[in-house]
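Single-letter residue listing:
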Amino acid sequence: MPIRHSPVVAVTRRTAIAGLAGTLIAASSGCARRTPHDPLRLWAIGREGDIAAQLVDAFVARNPHIAVEVQKMPVTAAHEKLLTAYAGDTLPDVCTLGNTWVPEFQALNALQPLDELIAGSSTVDVRDYFSGIFESNRVDGVIYGVPWYVDTRLLYYRRDILQQVGFGAPPRSWDEWATMMAAIKRQVGPQRYSALLPLNEYEPLVVLGLQTPTEFLRDGGRYGNFSNPDFRRALKFYNDMFLKGWAPRASNTQISNVWDEFGNGYFSFYISGPWNIAEFKKRLPAKLKDAWMTAPMPGPDGPGMSSAGGASLVIFKASQRTADAWKLIEYLSEPATQQRLYQLIGNMPPRRATWQTSDLVQSPYALAFHEQLERVRSPPKVPEWERIAQELRLMGERVVMQRVTVEQGTAQLDAKVNEILTKRRWLLARKSGAK
Amino acid sequence: MNRSHAGWWFAAPSLLVLALFFFVPVLAAFAMSLTDFDLYALTDLDNLRFVGFENYGALLREPLFWKSLGNTFYFVLLGVPLSLGLSLGAAMLVNSRVARWRNFFRTVYFAPVVTTLVAVAVVWRYILHTRYGFLNYMLSWFGIDGIDWQGDPHWAMPSIVLLAVWKNFGYNMIILLAALQGIPEDLYEAARIDGATGWQLFRHVTLPSLAPVLTLVSILTMTGYFQLFAEPYVMTEGGPLQSTLSVLYFMFEEGFKWWSLGRASAVAFLLFVLMFAITLLQLRLTRREVRQ
Amino acid sequence: MTRRSRTIVVNSLLVIGAVFTAFPLLWMVSVSFMPTGAASHFPPPLLPDHPTLANYRELFANHSAGRYMANSALIATLATCISIVLNTMAGYAFAKLRFAGRERIFGLLLGALVIPAQVTMIPLFAIVKSLGLVSTYAGAIIPTMTSIFGIFLVRQYTLALPDELLEAARIDGAGEARIFVSIVMPLLQPIIVTLAILTFLATWNDFMWPLIVLTDQKLHTLPVALAGLSREHVQDNELMMAGSVITIVPVLILFLAMQRYYIAGILAGGVKG
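Residues numbered from 1 in each chain as written. Chains lettered and ligands numbered in written order. Predicted model: local features only at pLDDT ≥ 70, side-chain atom pairs only at ≥ 80, totals over all residues.

Participant: Help me understand the domain arrangement of chain A, please; the structure alone is not making it clear to me.
Facilitator: A common way to state how big an interface is: give the accessible area lost once the parts meet. Splitting chain A by domain gives domain 1 (40–152 + 308–362) and domain 2 (154–306 + 381–434). Measuring from the centre of the C-alpha atoms in domain 1 of chain A to the corresponding centre in domain 2 of chain A gives 27 Å. (Domains from an automatic or database assignment.)

Right under this line is the structure:
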């Protein structure tokens, strides 16, 4: 068959088109390559993400040569987004990280140690921080994060409703709390409730568990330890609130507007964090101004513990720009910036200096948080904690929906946690074997 | 000889892409499912262990995996017949000789198929809202009290079926419509002469003629429905009480939420084997039926 | 039943069906023009009392909707262009060019049609990572660049082309590339349009892969951005409806304009496949 053009030539033209396509890909991927001229990347979670850009404006004005790009992560997807970014090598330079996640990202070798930077800094003064919160960022003696704000859970309550049923002060112990919830339930009837403990959050149950002395994990974080009398007591108390009709079996998203419903008296006690001070101030009608208050968590036998939560500022190891990143962290840690953060969205500062300068001292709602901060406890510092906490929440949901008993639930949770910790046990055994 | 080379060169770019981004990953997925690949291993490959079929064993012991499997089957068994029934009904209506504006109706029925799943899931989440949604409003006309569609573990999956049926029935309708139009008119004439009535015509002429196409669309629909993911991701996040957690959602959580990649690969493979087995079974059953 | 009553029954059913089918989309559009909070009432309002563009303004001004839209358009367009070139070449080769192993490879491809794409996703992420393409447009495009279904679609169509045409061109001395570009491609135009629409819509609507691979918010596509936004703004129904409108309307318009080709694609895949 006579063929004048050699097919190889023909194919080269084809390849030219394929090559063009390749160039297109290369061009379109270009924007992901990091160069020193790219802006410094800051990721922030949830509401902090909304206002971080405002806070950073002043930093950029002060350091015109450092451009900053802020991105927001949705709260419910933040953890998985961060892990995906870690797996895909696309972590930012600076990030706000829940302090319970610090051990996890340290185990992944993703965090920059900060001890030297802190030692050389005039802004970040360790002695000025609440020590419990600062220590939550220490893993094996090394500091990996600077606390940005503190977050502990306590009680929001309706003072007026409590008074109507004959109580002048918030509860100090579980027994008192139960008495009050029973009284309120009698008063408000079947359509309303005494308390809201959203089923899509693990914090309420974690806090109740932390109030009892026994640890969640045993043998250095190798096995689950939930089938003990202490945790079962906490879970039983939690379950009772739903069983007796004091709390609705509902998640936050089903209560279409938590703030309005609190104002309507749909529930009178709400376990939540400091940001809701600002939200309630803003969203409740003026006539309810004095109708609500905050109180420290009641404990099993008197004033109780709460979780040592909060967010820390971290630098990821992959960052090429540690110096600039640290500058940004120093700026965000200045008392003036933290005060601004409090004013904008009500986040509690982790430094004493900020507490003194800001209008926090005058806020009656913040008092309870100040008191609670003296009694906080960290959940286990194992990298698997976030997953364990999610399993804890699911178990709690199954118990209050009466799918399993307290005993079955805790036993199932231990089995699940032991499985989650399998790899950790192997790694620890190998480490000690190598020594 | 030269033309043979040309053929290779024309096919090569596609085959190369398929090999690199499809066939290699399939094999790699199987290999991965035999290891405990996780975040620790992602950090340092020394932390990777070969575990044989342990991931599969662990899955079969995992209640949540069985739950997700049960949920997925529930979705398929409820959704596929409903979808097909509605598709067939719509196709017959549009195909009816007395129908007006056929093209208009065909387009309207088909429109949901091309819409973006995430966006219509957002829309349906609102339509199904317990207090402000339109569905509960319509039910209230009949004295039915507000159903907590997405909060009640019993109703969450049916509400997702509702969305899926609405979104998908137009697709099969188009295929069935073409098949209906392909049935020779003589068959109906002959049956009518034998005295067959409307229902008998449907039972003895329409259905048998459609049988091969119906098998095909049911397999297509089923394999599609086994891959349930975006609807629960947007509408319920797998809840309440994990009643809308599908197998694929389970894989996503194991893999891309907790990064247990070995375990997640095992989930993906089990899903694949299951879908494959059911497709084969269905083909064999239909073949036997046709022979009889 | 008389013909007249049948006409009434059939057409009433058609109308009722159309109302139920179209309602969610029409209500979505209507609510998207309501001011914040207007839709959270019982009974739910059908039409806005005071139509407003505020939700759209909010989306584009404060939630970077324009950027996400551009991302979606860019990713879908690139995927479409690349997949047309690759699939047409391969489909033509499998139909009209003889080469060693052709039948065996084609059989393998057909067999692989039953493998769901999700099986490949985890290793695919690892491969994309090793190429440094996580969180890039290229990474998002990779799985849609070529498809077995697309190759199959083109092959079926090409089989119907007369061999004599190609032979005549060869006798006239045209090279294979020349034959492909100036004879085959023009004849394949209808199926190329079909393939283009199918690929564009599939890529635009795709969710799971972009959700995984696009970690950088700046690169999010509309569906990924909308899913994230809807988790944060559960209460803002009006805003969410506006977000759904801008996600759905472009593809809906494209479909309405090119309906014939789209349906041809479904029938080719569904009936012959």
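Participant: Would you explain the confidence of the model for chain A in this entry?
Facilitator: Low pLDDT marks regions whose predicted coordinates should not be analysed in detail. Summing up the model confidence of chain A, the mean pLDDT is 86 and the portion of residues at 70 or higher is 90%. Contacts of residues 1–33 of chain A to residues separated by more than four positions or lying in other chains number 44 contacts, the stretch itself having pLDDT below 50. (pLDDT = per-residue confidence, 0-100. Contact = placed C-beta atoms within 7 Å.)

Participant: Hey, could you run me through the sheet that holds strand β7 (residues 154–158) of chain A in this one?
Facilitator: For sheets, the rule is that strands pair by backbone hydrogen bonds, running either parallel or antiparallel. Residues and elements named next belong to chain A. Taken together, the 4 strands give an open sheet; going across it, the order is β8-β11-β7-β12, and neighbouring strands pair in mixed fashion. The two strands at the open ends of the sheet, each matched to only one other strand, are β8 (195–196) and β12 (292–295). Where β7 lies against β12, 4 bridges are found, and the strand directions are antiparallel. Pairing of Tyr 156 across the sheet is with Thr 294, part of β12. In the packing of helix α16 (residues 364–373) onto the sheet, contacts are made with β7 and β12, and the angle to β12 comes to roughly 10°. (Pairing = 2+ DSSP bridges. Helix = DSSP H or I, 4+ residues; strand = E, 2+ residues; numbered from the N terminus. Axes fitted to C-alpha atoms, helices over the stretch in contact; angles between N-to-C directions.)

Participant: Would you mind going over the pairing of strand β2 (residues 68–73) of chain A with me for this structure?
Facilitator: Both faces of the sheet carry side chains from a regular strand, because those side chains alternate between them. Residue and element names in this part refer to chain A. Alignment of strand β1 (residues 40–45) against β2, held across 6 bridges, turns out to be parallel. Among the inter-strand pairings, Arg 41 is bridged to a residue of β2, identified as Glu 69. In terms of handedness, the path from β1 via helix α2 (residues 47–62) over to β2 forms a crossover that is right-handed. (Right-handed = clockwise from strand over helix to strand, strands pointing away.)

Participant: Would you mind showing me how to read the environment of Asn 87 of chain C here?
Facilitator: Relative to the elements of secondary structure, Asn 87 of chain C occurs in helix α3 (residues 65–96). Along the chain, Asn 87 of chain C and Gly 139 of chain C lie 52 residues apart, while their C-alpha atoms are 19 Å from each other. Beyond its immediate chain neighbours, meaning those up to four positions away, Asn 87 of chain C contacts Ser 14 of chain B together with Thr 146, Ser 147, Gly 150, Ile 151, Val 154 and Leu 195 of chain C.

Participant: How do you make sense of the environment of Ala 160 of chain C when you look at a structure like this?
Facilitator: All names here are of chain C. Mapped onto the elements of the fold, Ala 160 is located in the loop between α7 (148–159) and α8 (163–171). Look at Ala 160 and you get exposed, because 9 C-beta atoms sit within 10 Å. Ala 160 sits 44 residues away from Pro 116 along the chain, and the two C-alpha atoms are 30 Å apart. (Buried ≥ 20, exposed ≤ 12 C-beta atoms within 10 Å, placed from the backbone.)

Participant: Whenever I open this one, the nonpolar core confuses me. Can you help?
Facilitator: What tends to happen in soluble globular proteins is that the nonpolar side chains get buried as a cluster. Among the nonpolar cores identified, the biggest contains 286 residues, and Leu 42 and Ala 195 of chain A, Val 118 and Ala 121 of chain B together with Ile 141 of chain C are the most heavily contacted of them. When residues of this core are sorted by domain, at least three fall in each of domain 1 (40–152 + 308–362) and domain 2 (154–306 + 381–434) of chain A. Apart from residues no more than four positions distant in its own chain, Ala 195 of chain A is found in contact with Met 181, Met 241, Trp 246, Ala 247, Phe 267, Ser 268, Phe 269 and Tyr 270 of chain A. (Core = buried A, V, L, I, M, F, W, Y, C linked by C-beta atoms within 7 Å.)

Participant: Hey, could you run me through the packing of helix α9 (residues 203–210) of chain A against helix α10 (residues 229–243) of chain A in this one?
Facilitator: For any two helices packed against each other, the geometry is given by the interaxial angle and the distance between the axes. Residues and elements named next belong to chain A. Contact geometry of α9 with α10 gives a least axis separation of 8 Å together with a crossing angle of 135°. With respect to α10, the element α9 is oriented oblique. Pair α9 / α10 crosses with right-handed handedness. Across the interface between the two elements, Leu 205, Leu 208 and Gly 209 from α9 touch Phe 231, Ala 234, Phe 237 and Tyr 238 from α10. Here the contact of α9 with α10 is built from residues that sort into 6 nonpolar, 1 polar and no charged. (Parallel < 35°, antiparallel > 145°, perpendicular 65-115°, else oblique. Left-handed = near helix turned anticlockwise from the far one by under 90°. Nonpolar A, V, L, I, M, F, W, Y, C, P; charged D, E, K, R; others polar.)

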